[in-house]
Amino acid sequence: HKRRNSAAANMGDGVDAPLVFQCRRCERIIGDSWALVETSEVEHTLTLSGVSDKVRRRGQKLCCANCNSVLGRDAAIGCVLDVDKIQSYALGSSGMAAAAPAAAEQGAAENDGDLAKIKNVLLHFHERLCSLEDAGLMDRLASLERRL
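These remarks concern the structure in this document.

Rules behind the numbers
Residues take numbers from 1 onward in each chain, read along the sequence in its written order. In view of the model being predicted, local features appear only for residues whose pLDDT reaches at least 70, and side-chain atom pairs are presented and counted only at 80 or more, with totals across whole chains, interfaces and linings using the full set of residues. Only hydrogens and water are set aside when side-chain values are computed; all heavy atoms of the structure are taken into account. Strands are labelled as partners when DSSP assigns at least two bridges between them. Numbered from the N terminus, helices here are DSSP runs of H or I no shorter than four residues, and strands are runs of E no shorter than two. Only protein chains enter the accessibility calculation, which uses a 1.4 Å probe; a residue whose area is less than 20% of its type maximum is buried, one above 50% is exposed, and one in between is partly exposed. Any two residues whose heavy atoms approach within 4.5 Å are treated as being in contact.

Quick look at the pairing of strand β6 (residues 55–58)
- Bridge count between β6 and strand β7 (residues 61–64): 4 bridges; the pairing is antiparallel. Residue arginine 58 lies in a different strand from β7, and its bridge partner there is lysine 61.
- If you look at the hairpin formed by β6 and β7, you'll find 2 residues sitting between the two strands, and glycine 59 has a positive phi there, around 65°.

Structure, rendered in structure tokens:
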């Protein structure tokens, strides 16, 4: 066992940023390295003092609340997670930085499509308003409103 009292203690494996742990199957965030108690290379586990509310307990089993994957087990020392059932990333890592622009570009493309639809609707209403003004209907409408 490789014992760690807290994530603030030196992460001797070259990780200098907090880690986020996710369900490998659905990528739901289940915890972070601030709750890290210990790791075991022999058992292929890591133990957290607590997990997010996205983890459900079924007896001794810890399961992802989103996809129901069994992530590990509840133990006296904490939540023991099977490293084959989870994945992690370091906050600010290049992997995240590379993923962010791609997601931003996709979001921008979706926004451009939505903006084009809104523009078309506004242009349609503008044309209708101009045609009403040209027909003198706006003056008649104003006089009707004054009568009411």
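Still more ground to cover, so stick around.
So, unusual backbone geometry
- Notably, histidine 44 is not glycine yet its phi reads approximately 55°, a positive angle.
- Here histidine 44 is to be found in the loop between β4 (36–40) and β5 (45–48).
- A positive phi angle, near 70°, is found at asparagine 68, a position not held by glycine.
- The topology assignment puts asparagine 68 in the loop between β7 and β8 (70–75).

Topic: the side chain of threonine 45
- Checked against the element boundaries, threonine 45 lands in strand β5.
- Note on threonine 45: relative accessible area 12%, which makes it buried.
- Ignoring any residue separated from it by four or fewer positions in sequence, one finds threonine 45 in contact with Thr39, Ser40, Val80, Leu81, Asp82 and Val83.

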